[in-house]
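# Examination of the molecular architecture
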Amino acid sequence: MEKLDVYTEKAIKMIMEYGPQLVLAIIVLLIGLSIIKSFTNILKKTLDSRKVDPTLTPFLINLFSWGLKILLLVSVASMVGIATASFVAVLGAAGLAIGLALQGSLGNFAGGVLILVFRPFVKGDFIEANGIEGIVDSIDIFATIVKTVDNKKVVLPNGPLAGGTIKNYTGHDYRRVDLAIGISYNDDIRSACKVLREMCSSHDLVVNEPEPPTAYVWEYGDSSINLTVRAWTKTENYWPVFWALNEQIKYTLDENNFSIPFPQRDVHMIKES
């Protein structure tokens, strides 16, 4: 009975000493969790209103929520007398070890965040990056999936992708079609350029903004005067216009009596006596 009385007395003493702190810590924990939930809902509404990429939104919300919860738990632990300095040191050491072990993955992770935030391309864009050309099929947090024109699936790690050069062919509403053709030195340059401009203007998918179709002398080649033909069209019509104009150039020049020369060489045979 004496031991029981001693234990009871110690228990009562601990409750009297740590009880108010424990109750206060529980209250702070509950209130803190409620506030974190409110902040998380506000962040979600803000991200949705700004049309942030759907892939990035859950990640940012979870990162924000868990970061605040960790800070709250550390604060509550210190309120009940738990030494948090060593706890924080252990967390820091563990974070450093995990960071070193997952260095490549964390680089891809950071690259994915940059891509989703700054949006150099979106799903459905035709891009060229790291020697790969194709349509963006999906953007994940660690890698971007690209489908090539011959229907191959290519996985591009986001780290090198975000740090390299990205060429987005469908990033704007309009693209310029550039074509090159050579005419004979005996042909009239001005007439040829005029005919080619009229040919481009007559195409239904060619537009006059941001610039009407043009045709100029590009260079004087060994066997021909090389012209450059330029016409603007909507991005989705680029390849139909490219193929159509590229084919029509030959017919147009033939109909207007312009010749397309090809390299020729005169070979002189010397007969030794």
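To be clear, the structure that these remarks concern was listed above.
As a starting point, this report considers the structure included with it. (Residues numbered from 1 in each chain as written. Predicted model: local features only at pLDDT ≥ 70, side-chain atom pairs only at ≥ 80, totals over all residues. Heavy atoms only, no water.)

The end-to-end C-alpha separation of helix 6 (residues 189–201) is 19 Å, in line with the 18 Å expected for 13 residues at 1.5 Å each. Within helix 6, burial applies to Ala192, Cys193, Val195, Leu196, Met199 and Cys200. One side of helix 6 holds all its buried residues, which, seen down the axis, span an arc of 160°. Sitting at the amino-terminal end of helix 6 is aspartate 188, which places a side-chain oxygen 3.2 Å from the backbone nitrogen of arginine 190. (Helix = DSSP H or I, 4+ residues; strand = E, 2+ residues; numbered from the N terminus. Expected span 1.5 Å × (residues − 1). Buried < 20%, exposed > 50% of the residue type's maximum accessible area, 1.4 Å probe, protein only. Arc of directions from axis to C-beta. Polar contact = N/O pair within 3.5 Å; in protein donor to acceptor, adjacent residues only side chain to side chain.)

Let us now look at the pairing of strand 4 (residues 153–157). Burial along strand 4 is one-sided: the face carrying Val154 and Leu156 is buried and the face carrying Lys153, Val155 and Pro157 is not. Bridging between strand 3 (residues 143–147) and strand 4 involves 5 bridges; their strand directions are antiparallel. In the sheet register, lysine 147 faces strand 4, and the bridge partner there is lysine 153. Once strand 3 ends, the chain turns through 5 residues before running back antiparallel as strand 4, passing asparagine 151 with a positive phi of about 70°. (Pairing = 2+ DSSP bridges.)

A word on helix 7 (residues 238–255). Between the first and last C-alpha of helix 7 there are 25 Å, a value that for 18 residues agrees with the 26 Å anticipated at 1.5 Å per step. A maximum bend of about 25° is found in helix 7 at glutamine 248. In the core, the buried residues of helix 7 are packed alongside strand 6 (174–183), helix 6, strand 7 (206–207) and strand 9 (225–234). Following helix 7 by one or two positions, asparagine 257 has its phi on the positive side, about 65°. (Bend = angle between axes of the 7 residues up to and from the residue. Contact = heavy atoms within 4.5 Å.)

The next point concerns the nonpolar core. Counting 23 residues, the largest nonpolar core has Leu179, Leu196, Leu227, Leu245, Ile249 and Leu253 as its most contacted members. Of all the secondary-structure elements, those providing two or more residues to this core are strand 6, helix 6, strand 9 and helix 7. Once residues lying within four places of it in the same chain are set aside, the contact partners of leucine 179 are Leu227, Thr228, Val229, Phe242, Leu245, Asn246 and Ile249. Listed in part, the 13 residues of the second largest apolar core include Ile115, Val136, Ile139 and Leu161. (Core = buried A, V, L, I, M, F, W, Y, C linked by side-chain atoms within 4.5 Å.)

Every second residue of strand 1 (residues 126–129) is oriented toward a common face, the buried set being Ile127 and Ala129 and the non-buried set Phe126 and Glu128. With 4 bridges connecting them, strand 1 and strand 2 (residues 132–139) associate as antiparallel partners. Each residue of the ladder has a partner; that of alanine 129, found in strand 2, is isoleucine 132. A loop of 2 residues connects strand 1 with strand 2, the two strands running antiparallel in sequence, and asparagine 130 in this loop sits at a positive phi of about 55°. Bridge count between strand 1 and strand 5 (residues 166–168): 3 bridges; the pairing is antiparallel. Opposite alanine 129, over in strand 5, you have isoleucine 166 as the bridge partner.

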